[in-house]
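So the chains spell out like this:
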Amino acid sequence: MNANKKVPLWRKTVYGLGTGGGNVFSQIGAAFLLSYYTDTALIGAAAIGTMFVVCRIFDGISDLIMGAIVDKTNTKWGKARPWLILSGPLTFLGIVLLMHVPESAGDTAKLIYAYATYIFMSVVVYTIFGIANTAMLPLMTRDRDDNTMLATFSAVGNSVIGLIAGSSITPLVLAFGWHWASIILGAIAGVLILISGLVNKEIQPEEGEAAQVQGEQPSLKQQFPAVMKNRYFWLLLLIGIFSLLMNANAIAAQSYYASYVIGDAMFMSTLMTAGQAPGIIILFLMPAISKRWSKRAYLTMGAVLLIIGFLICGFAGTNTTLVVIGVVIRALGAGPLLSAVFAFVPDVVEYGYWKYGVRSEGLISSAQSIGSKIGMGFGSAMCAWILAAVGYSATLETQSEAVISAIQFDYTFVGAIIGVIILVLVLLTDVEKYAPQFREANAQKDQAPANK
């Protein structure tokens with residue numbers, strides 16, 4: 001494949017479905033895993049909450065290690081593709097193991113099993129998938145517009161499969177139980193990822209680049225400092241953290257908000273639909289928008305809409321019409337953060353190659369993976385900490401005014417505050433202004449004959 005050759009539409013579609021396959025685990029982990037551990041496996045909630053936070057430490061380390069491994073991989077299949085293929089069957093195995101806590105075991109044995117399988121799935125398997133899948137973006141083509149299209153298909157596949165999986169898990173569990181549900185969900189996720197890895201291909205290196213790929217790649221000692229000096233790596237990391245922190249906290253607070261602020265637990269379904277469908281719609285508009293706007297402008301629009309949406313919800317009180325309008329606007333703002341941020345990865349890779357002479361797709365891709373995991377872990381925990389601070393108790397039929405006010409503040413104004421932080425980070429991510437320079441300079445590097 002030529003470096004600037006466009007990826008066929010059907011391969012973009014398969015890539016998006018593969019990304020969606022990985023989101024099956026995200027849906028399980030974000031919305032259902034805690035209830036499985038506490039209500040089915042009968043493990044204490046506090047112990048599981050601690051486990052979720054502890055695993056975030058291992059996640060950060062594993063992401064950097066996996067990023068370096070991808071950068072050092074050199075096979076006829078490419079750098080990231082072999083790991084993407086491997087992550088397919090491992091995802092199936094990991095999801096099944098998660099939902100098979102031995103019911104007859106003691107409390108300590110159950111907790112040990114939960115730690116072992118959660119670390120295997122989240123820290124090992126999901127890391128392999130996340131780094132490899134994101135690294136495929138700059139490795140499939142270096143055409144700027146096509147990178148944006150790939151990111152769009154990735155975000156659409158992620159959202160659509162996530163929506164389908166999220167709405168299907170409860171019926172599957174009710175019909176077949178957790179064991180069979182995990183086998184069905186694991187098989188779907190694993191197959192989608194495996195097909196993406198088998199179908200999609202990486203670009204072939206140009207003449208000057210070939211020497212590096214064939215054995216003269218920079219060592220980790222060279223790559224790591226270069227990536228750490230790349231300020232856009234850190235900005236992508238922070239955008240990922242705060243975007244998922246905002247999203248995970250809102251999801252965690254949503255059921256409490258429907259039950260105690262609105263006073264209607266079934267309003268949760270309306271909020272879920274309003275919060276996901278508009279984001280999927282706007283993703284389809286990204287290719288057209290990207291031709292007129294820069295990725296930073298697109299993300300800026302998204303951050304502004306996030307802030308406006310959360311504020312409308314905050315001032316809506318119990319007016320459900322205004323709440324839904326606010327959630328829809330918020331969802332329209334979240335859409336760009338799911339696609340354009342990933343589209344930044346190739347730019348950051350090429351900027352690092354131009355500035356520091358090292359092209360590190362794997363390590364730079366780890367910024368998104370690390371950021372997502374930290375944000376997801378602490379976003380859910382933040383909601384719990386806020387509830388605990390104001391004395392929330394599930395055993396009380398009526399919650400205090402302090403609890404209701406805290407839930408409303410958490411679901412609305414906390415999101416607006418985080419949205420402002422995201423907006424500042426986006427405005428600082430001005431890597432595109434260097435694009436004309438690094439494109440020309442990097443093309444000359446790749447075309448130059450290898451010096452031996």
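Computed from a predicted structure; not experimentally measured.

Draft legend 1. Representation of the nonpolar core in the model. Counting 52 residues, the largest nonpolar core has Val24, Tyr36, Tyr37, Met51 and Tyr118 as the members making the most contacts within it. Those elements that place two or more of their residues in this core are helix 1 (9–40), helix 2 (45–72), helix 3 (81–98), helix 4 (107–140) and helix 5 (144–199). Ranked by the residues each element gives to this core, the list is headed by helix 4, at 15 residues. Within the second largest apolar cluster, 38 residues are counted, among which are Ala68, Val348, Ile370 and Phe438.

Draft legend 2. Region of the structure containing helix 3. For helix 3, with 18 residues, the first-to-last C-alpha span of 26 Å sits near the 26 Å given by 1.5 Å per residue. Along helix 3, the largest kink reaches about 30 degrees and is centred on Pro89. Every buried residue belonging to helix 3 is among Arg81, Leu84, Ile85, Ser87, Gly88, Thr91, Gly94, Ile95, Val96 and Leu98, and all of these are buried.

Draft legend 3. Focus on the packing of aromatic side chains. Enumeration according to the criterion identifies 13 aromatic pairs in this entry. Consider the rings of Phe25 and Tyr126, whose centres lie 5.2 Å apart with planes at 55 degrees: the pair is tilted. Taken together, the residues span a long stretch of sequence, with Phe25 in helix 1 and Tyr126 in helix 4 at a distance of 101 residues. Each member of the pair, Phe25 together with Tyr126, is buried. When the ring of Phe409 is compared with that of Phe413, the centres are 6.1 Å apart and the planes differ by 40 degrees; the resulting orientation is tilted. In this structure, Lys295 is placed above the aromatic ring of Phe344, and the distance from its NZ or CZ to the ring centre is 5.9 Å. Directly above the aromatic system of Trp354 lies the positively charged group of Lys355, at a separation of 5.5 Å from the ring centroid.

Draft legend 4. Here's a closer look at a nonpolar patch on the surface. On the surface, Ile57, Phe58, Ile61, Ile65 and Ile69 cluster together into a nonpolar patch covering about 470 Å² of accessible area. Topologically, Ile65 is positioned in helix 2.

Draft legend 5. Representation of the environment of Asn230 in the model. Its location among the elements puts Asn230 in the loop between helix 7 (220–229) and helix 8 (231–262). For Asn230 and Ile364, which are 134 residues apart along the polypeptide, the C-alpha to C-alpha distance reads 9.1 Å. Those residues in contact with Asn230 that sit more than four places away from it in its chain are Val348, Tyr351, Gly352, Tyr356 and Ile364. Here the side chain of Asn230 touches Val348 through a polar contact of 3.3 Å, landing on its backbone oxygen.

Draft legend 6. Representation of the confidence of the model for the chain in the model. Put simply, the chain has an average pLDDT of 82, and 89% of its residues get 70 or more. pLDDT under 50 marks residues 207–215. Its contacts with residues more than four places away, or in other chains, come to 20 contacts.

Thresholds, definitions, all that
- Residues numbered from 1 in each chain as written.
- Predicted model: local features only at pLDDT ≥ 70, side-chain atom pairs only at ≥ 80, totals over all residues.
- Heavy atoms only, no water.
- Core = buried A, V, L, I, M, F, W, Y, C linked by side-chain atoms within 4.5 Å.
- Buried < 20%, exposed > 50% of the residue type's maximum accessible area, 1.4 Å probe, protein only.
- Helix = DSSP H or I, 4+ residues; strand = E, 2+ residues; numbered from the N terminus.
- Expected span 1.5 Å × (residues − 1).
- Bend = angle between axes of the 7 residues up to and from the residue.
- Phe/Tyr/Trp six-rings, centres within 6.5 Å; stacked < 30°, edge-to-face > 60°.
- Lys NZ or Arg CZ within 6 Å of the ring centre and 35° of its normal.
- Patch = residues over 30% accessible without salt bridge, like charges linked within 9 Å, V, L, I, M, F, W, Y side chains within 5 Å.
- Areas by Shrake-Rupley, 256 points an atom, 1.4 Å probe, with all protein chains shown as cover.
- Salt bridge = Lys/Arg side-chain N within 4 Å of Asp/Glu carboxyl O.
- Contact = heavy atoms within 4.5 Å.
- Polar contact = N/O pair within 3.5 Å; in protein donor to acceptor, adjacent residues only side chain to side chain.
- pLDDT = per-residue confidence, 0-100.

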